[in-house]
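Commentary on secondary and tertiary structure
Listed below, chain by chain, are the residues.
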Amino acid sequence: MQLSLKVEHAALSNYLQQKEWFDPAEKVISISKPGEGNMNKVLRVKSDQGKSLILKQANAFVQKYPSIPAPIERIAIEAKFYQLVAKWPDLAAFLPAFIGFDPENHLMALQDLGVGTDFTNIYLKGQNISQDSLGDAIAFLSILHNLDPLEADHRSFPDNLSLRKLNYEHLFHYPYLTDSGFDLDTVQIGLQAAALSFRRDEELKKQVLRLGEIYLSSGPQLLHGDFYPGSWLNTANGFRVIDPEFCYWGRAEYDLGVLLAHLKMAQVPEVLFDHALLAYRRPMGFDEALVPQFAGMEILRRIIGLAQLPLDLSLEERKDLLSQAAQMVKTKTFAA
């Protein structure tokens, strides 16, 4: 079964009935896109019996960039994440419920959380994230990072290394190429020249590569792996989390650093940033110095790398953020 908006309703109905995700007589009445998927193809399917579910299918490439190969097994690992966290109700409450997985078609069915919006609007001037929503984001990470590895059967969980190696290139390598093939002036005039000093900073690149080694290693905490505003949903039932396809057992400092980087890029008030940093419940062995380093790395790769964000920033504001980020990576402290 290959998902598309044009797939025949009857064929999809039969497939869903066979998988027992629909009742025997249940029929598809509409197929739509719930949003723009970056890694996978995602559809919302509604039935004549009032059911609505989300179908998510992986191909051997990145959905948004079909020329970039990607490990197709990522969807199976994401399915395992949903199945695992279902054991902890307080954690599962933040996520869509897992319905089923079809390994032959690399296709997963999830609960439809309803019409909602992600939080990428917080990058716009005049917009912000509420303290309640930010508190929920921190609560989710706190619970996730404090799962007992033995109870969660840590050793049996896939290492997701193939997808992490792909991500590694965009996090720790590609942004620092002096000739990446991506003209940053198409994002903002002057950004290409502004990137050069960071791409030539040998001490910065040395520290970034050290962080990359940590990223590719295993660790004691289960991570979401891509915990930023595009993976958060504002729904009628509150804050929810989606898209844990980059999940793995690693260092909790990575998830928290990424979250804090996006708060800085969204220019949230300092009081909210401090609240996030203080409210997070650290697991045992947590290394505070890694958090600003991972945060700085994320800012750098988002501004001078391929994975651009809808940042509502001037060139000078971007340059200031880049300078702060480089300082964070090299000094292991948050820049003022």
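Refer to the structure above for everything that follows.
Report follows, based on the coordinates. (Residues numbered from 1 in each chain as written. Predicted model: local features only at pLDDT ≥ 70, side-chain atom pairs only at ≥ 80, totals over all residues. Heavy atoms only, no water.)

**So, the side chain of N167**
Inclusion rule: Helix numbering and strand numbering both begin at the N terminus, where a helix is a DSSP run of H or I of at least 4 residues and a strand a DSSP run of E of at least 2. Buried, partly exposed and exposed residues are distinguished by accessible area as a fraction of the type maximum, computed with a 1.4 Å probe on protein chains only: under 20%, between the cut-offs, and over 50%, respectively. Any two residues whose heavy atoms approach within 4.5 Å are treated as being in contact.
Examined against the element boundaries, N167 turns out to sit in helix α5 (residues 161-173). The exposure class assigned to N167 is buried, which follows from its relative accessible area of 9%. Setting aside chain neighbours within four positions, we find N167 in contact with Y215, F246 and Y254.

**Side note on unusual backbone geometry**
Even without being a glycine, H106 presents a positive backbone phi close to 50°. Secondary-structure assignment places H106 in the loop between β4 (98-102) and β5 (107-111). Residue class for H106 comes out partly exposed when judged on its relative accessible area of 25%. The residue N160 is not glycine, and still its phi comes out positive at about 55°.

**Focus on the environment of E203**
Here E203 is to be found in helix α7 (residues 202-216). For E203, a relative accessible area of 37% translates into the label partly exposed. Along the backbone, E203 and A326 are 123 residues apart, and their C-alpha atoms lie at a distance of 9.6 Å.

**Some details on the nonpolar core**
As a reminder of what qualifies: Side-chain atoms within 4.5 Å are what join buried Ala, Val, Leu, Ile, Met, Phe, Trp, Tyr and Cys residues into a set we call a nonpolar core.
In this structure, F140, F172, L222, Y254, L259 and I303 are the most contacted members of the largest nonpolar core, which totals 88 residues. Residues within four places of L259 in sequence aside, it is in contact with L134, A137, I138, L141, F227, W232 and A276.

**Let's talk about the packing of aromatic side chains**
Applicable threshold: Pairs were defined over the aromatic rings of Phe, Tyr and Trp, the Trp ring being its six-membered one, requiring ring centres within 6.5 Å. Orientation was assigned from the angle between planes: stacked under 30 degrees, edge-to-face over 60, tilted for the rest. Any Lys NZ or Arg CZ that is within 6 Å of a ring centre and within 35 degrees of that ring's normal is treated as a charge sitting over the ring.
In the structure shown here, the tally under the stated rule is 16 aromatic pairs. With a centroid separation of 5.4 Å and an interplanar angle of 55°, the aromatic rings of F227 and W232 are classed as tilted. Accessibility assignment for this pair places F227 and W232 in one class, buried. A ring pair is formed by F273 and F334, whose centres lie 5.3 Å apart and whose planes are at 80°; its orientation type is edge-to-face. Of this pair, F273 sits in helix α9 (residues 270-279) while F334 sits in the segment after α11 (315-331), placing them 61 residues apart in sequence. Here F273 falls in the buried class, since its relative accessible area comes to 4%. Given a relative accessible area of 26%, F334 falls into the partly exposed group. Grouped by ring-pair contacts, the aromatic residues F94, F119, F140, F227, W232 and F239 constitute a single cluster. Here the basic side chain of K264 rests over the ring of F273, its NZ or CZ set 4.9 Å away from the ring centre. Cation over ring: R302 sits above Y228, and NZ or CZ is 4.7 Å from the ring centre.

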